[in-house]
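Okay, here's what each chain looks like letter by letter:
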Amino acid sequence: MKIAVYNCREDEASLFETYGKEYDVELSLSPLPPTPETASLAEGCDAVDIITTPVGRELIDIWHSYGIKAIATRTVGYEHVDYKYAAELGISVSNVSYTPHTVAEYTVMAMLMSIRKMKTILTRYMGQDFSLKDIRGKELCNMTVGVIGTGKIGETVIKNLSGFGCRILAYDIYQKDSVKALAEYCDLDTLYRESDLITLHTPATEETCHMINKKTIHSMKDGVILINMARGVLIETADLIEALESGKISAAALDVVEGESAIYYKDFKYKPVGHHEMAILQAMPNVLMTPHTAFFTDEAVGDMVRYSIEHCVNTVRNGR
Ligand code: COI
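Just so it is clear, the structure is predicted and the values come from calculations on it, not from any experiment.

*Asks:* For the sheet that holds strand β5 (residues 92–94), give the residues involved together with the corresponding values.
*Replies:* Spatially, β2-β1-β3-β4-β5 is the arrangement adopted by the five strands of the open sheet, whose pairing is parallel. Two strands in the sheet have a free side with no partner beyond their single neighbour: β2 (26–29) and β5. Mean inter-strand twist for the sheet, computed between neighbouring axes without regard to direction, equals 20°. With four bridges joining them, strand β3 (residues 47–50) and strand β4 (residues 70–73) adopt parallel strand pairing. Counted as the bridge partner of Val48 is Ile71 from β4. In this fold helix α1 (residues 10–22) packs onto β1 (2–5), β2 and β3, with an angle of close to 165° to the strand it touches most, β2.

And the structure:
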């Protein structure tokens, strides 16, 4: 069987080679994104392997005409694929589940960097300003941390946090006994009202879109810190900016931002980015922004490549 791999990065190529051999599949690796213009790269293939580029009806129709049976996205989130339409055509869409430690550890790092004002400390150090003014931090052990979403990543964040001695509140529609041992489940209102630091670990759905907005921010503690390593659309960005400007939110760490998909993973050096809200946030000393890199470890990339191939094999060869 043959798989067309789109958006294959240099750091993934040797992993595809290794796992391609292991699963005995032929791979056609391309650095190009999946678009109607590049659809023909999948001609003669049984499955396609994609990453973050949106895949809509037009492209799915072309792949369907080539007899593509599976679309595997090497991501946890799959909202960028029109999976309902693919299912109508009998094409299976699968996501991957990679090590949760990659995002969970990054989340704890972002929390600590935020409460210790690390962006200011590092920026000042580069300018040889070693003064202490305005960089006094706080200790995590004295804080209440609210974790929204206790799937694999949220649960791992809670496990990691449990060593710090902070109080941990958790919210999810599905409650887990393993989480109950380390955190107190509560409703969202309580979590917003009592948390000093709130971290988001929910998928992007119609229900969660803009769940952090003017109204929910109003119900949070004054000076709350917001961490988003999940999806940009969870936060109404204009409302976040207003709350950071007023001081209602005292700091934020954002690995994701609304409208990032045309920007992140590209090099905009010497070019206008054209995302005004991103520019405003990035200029704030109390906002730590990273380009959706929380997932990016050796372990996670290995899992992404391996499990995406495995899903294609399960569908095409094993009919699962
Ligand atoms: C995911 O796996 O869903 C991610 O957020 C990481 C991806 C953008 C590479």
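Let's pick the thread back up.
*Asks:* Before we move on, can you summarise the pattern of salt bridges with the specific residues and values?
*Replies:* Throughout the structure, instances matching the rule amount to 20 salt bridges. As a salt-bridge pair, Arg9 and Asp11 come within 2.8 Å of each other at their nearest N and O atoms. When salt bridges that share partners are traced, they join Arg9, Asp11, Glu12, Asp49 and Arg74 into one network.

*Asks:* Can you lay out the pairing of strand β10 (residues 224–228) for me, pointing to particular residues and giving the numbers?
*Replies:* The side chains of a regular strand alternate between the sheet's two faces. Along β10, five of the five residues are buried, which leaves the element largely enclosed by surrounding structure. Along β10, one buried face is formed by Val224, Leu226 and Asn228 and the opposite face, lined by Ile225 and Ile227, is buried too. Examined bridge by bridge, β10 and strand β11 (residues 249–254) share five bridges and lie parallel to one another. Within the sheet, the bridge partner assigned to Asn228 lies in β11 and is Leu254. Of the crossover connections in this fold, the one passing from β10 over helix α10 (residues 237–246) to the parallel β11 is right-handed.

Basis of the calculations
- Residues numbered from 1 in each chain as written.
- Predicted model: local features only at pLDDT ≥ 70, side-chain atom pairs only at ≥ 80, totals over all residues.
- Heavy atoms only, no water.
- Pairing = 2+ DSSP bridges.
- Helix = DSSP H or I, 4+ residues; strand = E, 2+ residues; numbered from the N terminus.
- Axes fitted to C-alpha atoms, helices over the stretch in contact; angles between N-to-C directions.
- Contact = heavy atoms within 4.5 Å.
- Salt bridge = Lys/Arg side-chain N within 4 Å of Asp/Glu carboxyl O.
- Buried < 20%, exposed > 50% of the residue type's maximum accessible area, 1.4 Å probe, protein only.
- Right-handed = clockwise from strand over helix to strand, strands pointing away.

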